[in-house]
2 protein chains.
Amino acid sequence: MVFQATTSAPVNIACIKYWGKRDTTLILPTNSSLSVTLDQDHLRSTTSSRADPSFTSDRLWLNAKEEIIKDGGRMSTCIKEMKRLRKQLVEDTDPNAPKLSTYHVHIASYNNFPTAAGLASSASGFAALVSSLAALYSLPCPPTTLSLIARQGSGSACRSLQGGFVAWEQGSQPTGLDSHAVQIAPESHWPTLHALICVVNDAKKGTSSTSGMQRTVETSPLLQHRIKNVVPQRMVDISKAILDKDFDAFARITMADSNQFHAVALDTTPPIFYMNDVSRAIIAVVEEYNRVWVEKTGKVKAAYTFDAGPNAVIYTEGENVKEIIEIIVRFFPQQETFKDPFGLFANDGGLKEGGKLIDGFNEAVAKTWELGSVKGLIHTKIGDGPRVLGEEETLLNAEGLPKTLA
Amino acid sequence: MVFQATTSAPVNIACIKYWGKRDTTLILPTNSSLSVTLDQDHLRSTTSSRADPSFTSDRLWLNAKEEIIKDGGRMSTCIKEMKRLRKQLVEDTDPNAPKLSTYHVHIASYNNFPTAAGLASSASGFAALVSSLAALYSLPCPPTTLSLIARQGSGSACRSLQGGFVAWEQGSQPTGLDSHAVQIAPESHWPTLHALICVVNDAKKGTSSTSGMQRTVETSPLLQHRIKNVVPQRMVDISKAILDKDFDAFARITMADSNQFHAVALDTTPPIFYMNDVSRAIIAVVEEYNRVWVEKTGKVKAAYTFDAGPNAVIYTEGENVKEIIEIIVRFFPQQETFKDPFGLFANDGGLKEGGKLIDGFNEAVAKTWELGSVKGLIHTKIGDGPRVLGEEETLLNAEGLPKTLA
């Protein structure tokens, strides 16, 4: 009998940003955060795990390359915690259950997006790891319980265990047992919410978010104000905007919080910069797009947000994506033909440059950038939580080693 | 009899930044600020003013181009206030004094640095205007009194009426009569303090500081915290650092406050950016320079600060300027030979590129930028307040019109 399971898990992009830990071991944040789960049809981590009495140690491969599982490290903690849950919730209550918690595991994980894309893969990666072990171990746990474990792998991973709109509540207990993710609304509540990822070229690797956020906690006078006086109200306001499907309110809070996150990074000693001149130009273009629509309708139609890197994620209603892509491509000509999963440009033979601007758009807000400044555009939408895949999707071969992928 | 006077006034660069007005007409700031006055031998505004019964209106020329003096505008306010002081303090007390307050004035002003250098000329310009009229009118006023008037022309101009280290105290009276500049220490207290201005190329003109700061006041949640909880202590700490000639403390506060000013600009809706990728690279280079020295001596040796634009001003002790220029030129090769007012590179035939790094400096903190990314370097030092110049320096010809300058 082979005990194994394969799951995939989504990427999430925060609207209210997580930046700062109050406990670096348990990964307890200094503020609550909230994200949108993106569709696994486009971006996902897939993980297979197998438990077998013949294995001599826990081993893990990421994109077919073995990663050392350091004792006391984050991967080790997640695996240990999942084994503990297996024993406690399954084996201790059902004497017939196989003692999988006593076996070593082999785990193979694969991201379908290049690391070079600069998308944080740790969130989807740890969510896939935890959901895969949860399936392997047949744990009767809701995602909120599993989020406590994913959180200890990578904080934002806890938000990738559910679809739709997910809040990570900071909690107050020193144990972290109330620092978990809860779903504010499922993806079906607002299925027309789309995302356009602008992958920005960056010469230099920025400060890692793990070390960067702690430097901010230690040195930024503004962070404390953000934590205590700004984020709590924004969590309330954006939850309401989501429940009301009020895109205008959702977008304004999302943009303000992205900017404030980068502001506290800049208020750090030494200062931390994640956005570059291309990121700034994308902001200028989206702000101008919104200015035109506010003038016409009183409401914004797009929201940019930037994580700990120069890439922009633009949230908008699906119906606006085509005109936004045209505008982006007008300022940031593309090397490669746009991959068009929603068939927006079916008759255009592939858009690369020179897209149309909308009426009233002030072209002078940005220059036309050199080819490759925005390396690629990824069009996706809101999506569901982790999926359990069929046996045929396994990433492990008969020997329990990673398959060679085509 | 010709009634005229010519004065020059210096540029000042703030260490604790002014950003935000509580009264936009009187120009009363939301927080106190503090600056270093730079040497007029290198950067200055020169202004001649003449009062004559034959003049039919108040007129002003800036760099020989006439500027319209709008009624109720800032120039008009300054001229009116100076006439009021003339009447009140001179004519009303001395019946023999000529009634200059009843004459119209002609004013010619000239900046010896190009507007394209991106250095704020309004501070030195309004300081020169006010000091020139003060000389014309023989006003028995200390600089602190005159600062009340310069402040109404351009807030930061009030700090250019004295040399050395100058604080603009925000004050609390609605009239603004206690919102004036005071000298913390004269230039002779710390004559070895030098400044290196890196003039950064910028494609786009940023948001004007006048409109930008009010948008920050209206929309940034972080600004209120900065005003109430951060700046007051920094004013105390940097004043002490100046009085102690403690460069390390002076530099750390200066850098943190520059970064915090840009952080609240970024926390504005829509966000305001003044620094670009070149500015960021200068920060990275100075931070690395300081890291090396902190490792060796526990103390930093340079402080960057950025106003509402991409140019860096680097404060340091005079003895370090040569090695800092070599490092800057290593990453930012220069089109023009460095103008070397202090004769640092007398034997080098003019430095343009490839300067030496100091031992232990990590070259990877920045790339070598294309020629012209930093358009020029200006080496100057701390300097004195406005100077009254001789008759032969006048910018006005016999007819009271601006002379044609060579």
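Everything quoted here is computed from the prediction, not taken from an experiment.

What counts, and where the lines are drawn
- Residues numbered from 1 in each chain as written.
- Chains lettered and ligands numbered in written order.
- Predicted model: local features only at pLDDT ≥ 70, side-chain atom pairs only at ≥ 80, totals over all residues.
- Heavy atoms only, no water.
- Core = buried A, V, L, I, M, F, W, Y, C linked by side-chain atoms within 4.5 Å.
- Buried < 20%, exposed > 50% of the residue type's maximum accessible area, 1.4 Å probe, protein only.
- Contact = heavy atoms within 4.5 Å.
- Least-squares fit on C-alpha atoms with pLDDT ≥ 70 in both.
- Helix = DSSP H or I, 4+ residues; strand = E, 2+ residues; numbered from the N terminus.
- Polar contact = N/O pair within 3.5 Å; in protein donor to acceptor, adjacent residues only side chain to side chain.
- Axes fitted to C-alpha atoms, helices over the stretch in contact; angles between N-to-C directions.
- Parallel < 35°, antiparallel > 145°, perpendicular 65-115°, else oblique.
- Left-handed = near helix turned anticlockwise from the far one by under 90°.
- Pairing = 2+ DSSP bridges.
- Domains from an automatic or database assignment.
- Buried area = accessible area lost by both parts, 1.4 Å probe.
- Salt bridge = Lys/Arg side-chain N within 4 Å of Asp/Glu carboxyl O.
- Nonpolar A, V, L, I, M, F, W, Y, C, P; charged D, E, K, R; others polar.
- Expected span 1.5 Å × (residues − 1).
- Disulfide = S-S within 2.5 Å.

Among the nonpolar cores identified, the biggest contains 174 residues, and Phe250, Ile282 and Tyr315 of chain A together with Phe250, Ile282 and Tyr315 of chain B are the most heavily contacted of them. Phe250 of chain B has contacts with Cys15, Val36, Phe165, Trp190, Leu193, Ile238, Ala241, Ile242 and Tyr315 of chain B, leaving out every residue within four places of it along the chain.

Another aspect to go through is the relation of the copies chain B and chain A. Overlaying chain B on chain A yields an RMSD of 0.0 Å, the required transformation being a rotation through 180° with an accompanying axial translation of 0.0 Å. Here the transformation between the copies is reduced to the relation of a two-fold axis. Rotation axis and chain B: the residue whose C-alpha lies nearest the axis is Ala263 of chain B, separated from it by 2.1 Å. The residues that chain B uses at the interface reappear at the interface of chain A in 96% of cases, marking a shared surface.

All names here are of chain B. Assignment of secondary structure puts Asn311 in the loop between strand E13 (302–306) and strand E14 (312–317). C-alpha of Asn311 to C-alpha of Asp202: the two residues are 109 residues apart in sequence and 9.0 Å apart in space. Within the structure, Asn311 has its side chain in polar contact with the backbone nitrogen of Val200 (distance 2.7 Å).

Our next topic: unusual backbone geometry. Of the consecutive residues Thr269 of chain A and Pro270 of chain A, the connecting peptide bond is found in the cis state with omega at -15°. Position of Pro270 of chain A among the secondary structure elements: in the loop between helix H6 (247–266) and helix H7 (277–297). Phi is positive for Asn63 of chain B, which is not a glycine, with a value near 50°. Take Asn63 of chain B: it is sitting in the loop between strand E7 (59–62) and strand E8 (65–67). Take Asn63 of chain B: its relative accessible area is 33%, and that puts it in the partly exposed class.

So, on to the packing of helix H2 (residues 122–136) of chain B against helix H3 (residues 143–153) of chain B. In helix packing, the relevant descriptors are the interaxial angle and the interaxial distance, both defined with respect to the helix axes. Residue and element names in this part refer to chain B. Where H2 meets H3, the closest approach of the two axes is 9 Å, and the angle between their N-to-C directions is 140°. Comparing the axis directions of H2 and H3 gives the class oblique. Crossing geometry of H2 relative to H3 is assigned as right-handed. Contacts from Phe126, Val130 and Ala134 of H2 reach H3 at Leu146, Ile149, Ala150 and Gly153.

Time to look at the sheet that holds strand E9 (residues 104–111) of chain B. All names here are of chain B. Read from one edge of the open sheet, six strands run E8-E7-E9-E6-E1-E16, paired in mixed fashion. What marks the edges here is a single partner per strand, and that holds for E8 and strand E16 (387–389). Between one strand axis and the next, the sheet turns by 25° as a mean value, whatever way the strands run.

Moving on to the domain arrangement of chain A. Residue and element names in this part refer to chain A. Domains assigned within chain A are domain 1 (3–190 + 389–393) and domain 2 (193–381). Here the C-alpha centre of domain 2 lies 27 Å away from the C-alpha centre of domain 1. Between domain 1 and domain 2, the contact holds 32 residues from the first and 48 residues from the second. Carbon and sulfur atoms supply 69% of the area that domain 1 and domain 2 bury against each other, a total of about 3,300 Å² over both sides.

This part covers the pairing of strand E12 (residues 193–200) of chain B. Residues and elements named next belong to chain B. With eight of its eight residues buried, E12 lies for the most part within the structure. The two faces of E12 match: Leu193, Ala195, Ile197 and Val199 on one face and His194, Leu196, Cys198 and Val200 on the other face are all buried. The pairing of E12 with E14 spans six bridges and is classified as antiparallel. Along E14, the bridge assignment pairs Leu193 with Glu317.

With 28 residues of chain B at the contact, the number on the chain A side is 28 residues. When the two sides are added together, the surface that chain B and chain A hide from each other amounts to roughly 2,300 Å², 63% of it contributed by carbon and sulfur. Across the contact surface, chain B and chain A share zero salt bridges. Of all the elements in the fold, those that place two or more residues in the side of chain B that touches chain A are helix H5 (221–243), helix H6 (247–266) and helix H7 (277–297) of chain B. Of the residues that constitute the side of chain B that touches chain A, the class distribution is 14 nonpolar, seven polar and seven charged.

Turning our eyes to something else, we now look at H6 of chain B. Over its 20 residues, H6 of chain B extends 28 Å from the first C-alpha to the last, a length consistent with the 28 Å expected when each residue adds 1.5 Å. Of all 20 residues in H6 of chain B, 18 are buried, a share of seventy percent or more.

Attention now goes to the sheet that holds strand E15 (residues 374–381) of chain A. Two pairing modes exist for strands in a sheet, parallel and antiparallel, and in both the strands are linked by backbone hydrogen bonds. Residues and elements named next belong to chain A. One open sheet accounts for four strands, arranged E13-E14-E12-E15; its pairing is antiparallel. Of all strands in the sheet, those bounded by a partner on one side alone are strand E13 (302–306) and E15. Across the sheet, the mean angle from the axis of one strand to that of its neighbour is 20°, orientation sign disregarded. Across the sheet, H6 lies against strand E12 (193–200), E13 and strand E14 (312–317), angled at about 25° from E13, the strand it touches most.

A few words on the state of the cysteines. Residue and element names in this part refer to chain A. Following the criterion strictly, the structure yields zero disulfides over all chains and no others. In this structure Cys15 is not part of a disulfide, and its nearest cysteine sulfur, from Cys158, lies 15 Å away. In this structure Cys198 is not part of a disulfide, and its nearest cysteine sulfur, from Cys15, lies 15 Å away.

Residue and element names in this part refer to chain B. Axis separation between H7 and helix H8 (residues 321–331) bottoms out at 11 Å; the angle between their running directions is 135°. Taken as axis vectors, H7 and H8 run oblique relative to one another. Between H7 and H8 the crossing geometry is right-handed. Facing Val285, Tyr289 and Trp293 of H7, the residues of H8 in contact are Glu323, Ile324, Ile327, Ile328 and Phe331. Of the residues belonging to the contact of H7 with H8, the class tally is seven nonpolar, no polar and one charged.

Taken as a whole and judged by the stated rule, the model has 42 salt bridges over all chains. Its salt-bridge partner being Glu66 of chain A, residue Arg59 of chain A comes within 2.7 Å of it at the nearest N-O pair. Under the relative-accessibility criterion, Glu66 of chain A is labelled partly exposed at 31%. Between Asp257 of chain B and Arg226 of chain B there is a salt bridge, with its nearest N and O atoms 2.8 Å apart. With Asp257 of chain B in helix H6 and Arg226 of chain B in helix H5, this pair connects stretches of sequence that are 31 residues apart. Owing to a relative accessible area of 0%, Asp257 of chain B belongs among the buried residues under this scheme. Residue classification places Arg226 of chain B among the buried positions, given a relative accessible area of 0%. Sharing partners across several salt bridges, the network here consists of Asp39, Asp41, Lys381, Asp384 and Arg387 of chain A.

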